[in-house]
Every structure is written in structure tokens, then in C-alpha cells.
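The residues making up each chain are set out below.
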Amino acid sequence: MPELPEVEIVKQSLDQKIKLKKINKVIIKNRNLRFKIPLKFEKNLINKIIKKITRFSKYLIINFTDNTFCIIHLGMSGTIHLVEESKKKIHTNTSFYSSQKLPIKHNHIKIYFHKLKMIYNDPRRFGFFKLVKNKNELLELFKNLGPEPFSKLFNLMYVCKYLRGKNKNIKNFLIDQKFVSGIGNIYASEILYLCKIKPTKRGKNLSKKECKKIIYFSRYILKKSIQKGGSTIRDFKNVLGYTGKFQNEFRVYQRENLTCPSKQCEGIIKKKFITNRSTFFCSVCQK
DNA sequence: AAGAGGCCCTGATAGC
DNA sequence: TGCTATCAGGGCCTCT
């Protein structure tokens, strides 16, 4: 469930470890990710040198020195692992399998550098890798995505205007990447809790003050989560490595039937399916 | 055109 | 024990 903060953590660690490295070899075990990996993929990557790793929304972008790019999306279960050539794992990302041990199944892509390899693991195969020829093609791919919460474009006028007259509920707006990009199902519940807004409230019924809160707390939650190394859900091995800590600070997510954490409130956290996605909220203090 | 819902996929878990 | 059903959720696609 990598949302913006988790992808940001992966980006930061990847950038540290593989910047300026040259790709020596690529091995694909399974091409059937969200988008089928073309046969020429390996050949196209060989000898490319990594300039830097950047991120937009939930997308990792490997920038090569020849001004081409490789976009990586982790889908819901994708993880990236870096392994020293001695087969000893030196680093893992933060989402599903923050185990010291490398997962055995579903290691679909292996990219080899000098004394280091990068492994892409993704049991559910909702993620993808895509090579991009130039900056224009990159912009084209992202053109339908709304601004990130941190962007100046995600401002009061934009939010009010976007929600005006809309019947759709605010929770679905928060996870709608055309409205704002980077927020997923977990953080949407957390943001609305801090805003004290009911997830089912229709866009058109939000006051200006509430729109302001949406902006403020979207930024607040994502920033806080990045500071804590993101959230690690279902970390069943629970060992060393780059395990996120923000899941310990969830106020409502997966806290059904617990009391509302707000001091003045004695409500009980409820779970409700909103368009097939679990949503958590306090029915007393969220209006 | 807005919005709802289906679908892709595997693994963990619950219930019988 | 082994079976089946349910849930997890990002994003694309179709249908109304």
C-alpha cells in the first residue's frame, strides 16, 4: 500500500545507494506486471547510468544520464530490495516485506550494478516498470494527475473550485489522483479524521474553512509520515531494516471499535465501505 | 459528464 | 486437514 510517503522513503534510500551506478545486466523472471514488460526492455537498460532518483505522486522516476527515464510504480504490493553481490542484503524498502530475508517468491525483475543488485518483488503484480524516451513523454504520462498536496497549485481556490457543485463524497475525492495525487486509502481516513470531516460528506457541502483544513492536514499527515519513515502494514516479520513507524500513529485506520483518540470525544471508531474501500472515522466528532 | 463499480492479482485469515 | 470465502487496495476501464 505504498502511498506518497512510502514511495518517498524508497526514493530517498534508492537515490543514496544507486546514484551514478551503471546497469550491467537485467534479468526478468516474469513480464506480466500491470503492463507487460517488452522484450527489448533489458537491452534498452544495459549500460545506462543513473543520474538520480526522483518521485512524482506514487511514481518513482529513475533519471538516466542520457536523459531517458524509467518509471516504477509499486502498485499495492511492490517492494524494492538492494542486495550486495555477496548475497547479503543491505537494505530493503518499507512497505510489505520489511524482513531481513529477501522474499523467495515473486522476485520479477533483477537489475545488476557493480557489486550490487536491485530486486523488484511484487506478489500481486499491480506495479509496473516503464521506459520513457524523454521529458515530453514523461510529462504526457503525468498530465492527468492532479497536483501533489505539497504543491502551490493545491491551494484554497483550486480545492473550492474543484469541489463546487460536486456530489461525490470527500473521501473519494482525496483518493482521486486527478484531484490530488499521492493520497491513498489509508491516509485519506487519517486526513479526514484530523479535519473532523465525515468521509461521506459531499464535495459541494464543504465550507471554505473545511477546504482549508483538507489542504492543511493533507500536508501535515504526509509530512509526518515521511518523517516517521512511512507506514508499514502487515509487517509480519517485524525485524530490522527500514520499517516505517507511522502506522503506530494511526488515529482511525484499522482501529474499528476503539474509542476516538480525541480528548474531548467519547465516540467509537467506525468502519464503513465507501465504494468498496474500507474507510475509518469517528461518527461523533467528524461532521 | 460525473460517478459508481468491476477487474487485474496473490496471500493472509476466518470459518466450517 | 483442507476447502471456500473474504479482504487487502492503486489505477485503469466500462457502463449508466
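How each quantity is defined
Residues numbered from 1 in each chain as written. Chains lettered and ligands numbered in written order. Predicted model: local features only at pLDDT ≥ 70, side-chain atom pairs only at ≥ 80, totals over all residues. Heavy atoms only, no water. Helix = DSSP H or I, 4+ residues; strand = E, 2+ residues; numbered from the N terminus. Rg over C-alpha atoms; globule rule 2.2 N^0.38 Å. Contact = heavy atoms within 4.5 Å. Areas by Shrake-Rupley, 256 points an atom, 1.4 Å probe, with all protein chains shown as cover. Lys, Arg positive; Asp, Glu negative; His and termini not counted. Charge placed at Lys NZ, Arg CZ, Asp CG, Glu CD. Core = buried A, V, L, I, M, F, W, Y, C linked by side-chain atoms within 4.5 Å. Buried < 20%, exposed > 50% of the residue type's maximum accessible area, 1.4 Å probe, protein only. Salt bridge = Lys/Arg side-chain N within 4 Å of Asp/Glu carboxyl O.

A. Spotlight on the overall build of chain A. A tally of regular secondary structure across chain A gives seven helices and eleven strands. For a compact globule of 287 residues, the expected C-alpha radius of gyration is about 19 Å, and chain A comes in at 20 Å, within 12% of that figure. Over its C-alpha atoms, taken along the principal directions, chain A stretches across nearly 55 × 40 × 30 Å. Looking at chain A alone, contacts between residues at least 24 apart form 63% of all its contacts between residues at least 6 apart. Looking at chain A as shown, the accessible area adds up to about 14,700 Å², and 51% of this sits on carbon and sulfur atoms. Placing the 62 positive and 19 negative side-chain charges of chain A at their respective mean positions leaves the two points 3 Å apart.

B. Layout of the nonpolar core. In this structure, Leu-163, Ile-170, Leu-174, Ile-183, Ile-191 and Ile-214 are the most contacted members of the largest nonpolar core, which totals 39 residues. Counting only elements with at least two residues in this core, the list comes to helix 4 (156–163), helix 5 (170–174), helix 6 (185–195), helix 7 (208–227) and strand 11 (277–282). Here this core takes eight residues from helix 6, the largest share from any one element. Excluding residues within four positions of it along the chain, Ile-214 makes contact with Phe-154, Ile-170, Leu-174, Ile-191, Leu-192, Cys-195, Ile-197 and Leu-206. Membership of the second largest hydrophobic core comes to 28 residues, among which are Phe-64, Cys-70, Leu-74 and Leu-82.

C. The arrangement of the pattern of salt bridges in detail. Summed over the entire model, instances satisfying the criterion amount to ten salt bridges. Here Glu-210 makes a salt bridge to Lys-201, at a shortest N to O gap of 3.1 Å. Residues Lys-228 and Glu-249 are paired through a salt bridge, measuring 3.0 Å at the closest nitrogen-oxygen approach. One end of the pair, Lys-228, is in the loop between helix 7 and strand 10 (269–274); the other, Glu-249, is in the loop between helix 7 and strand 10, and 21 residues separate them in sequence. When its relative accessible area of 33% is taken as the criterion, Lys-228 is described as partly exposed. When its relative accessible area of 27% is taken as the criterion, Glu-249 is described as partly exposed.

Just geometry here; none of it tells us what the structure is for.
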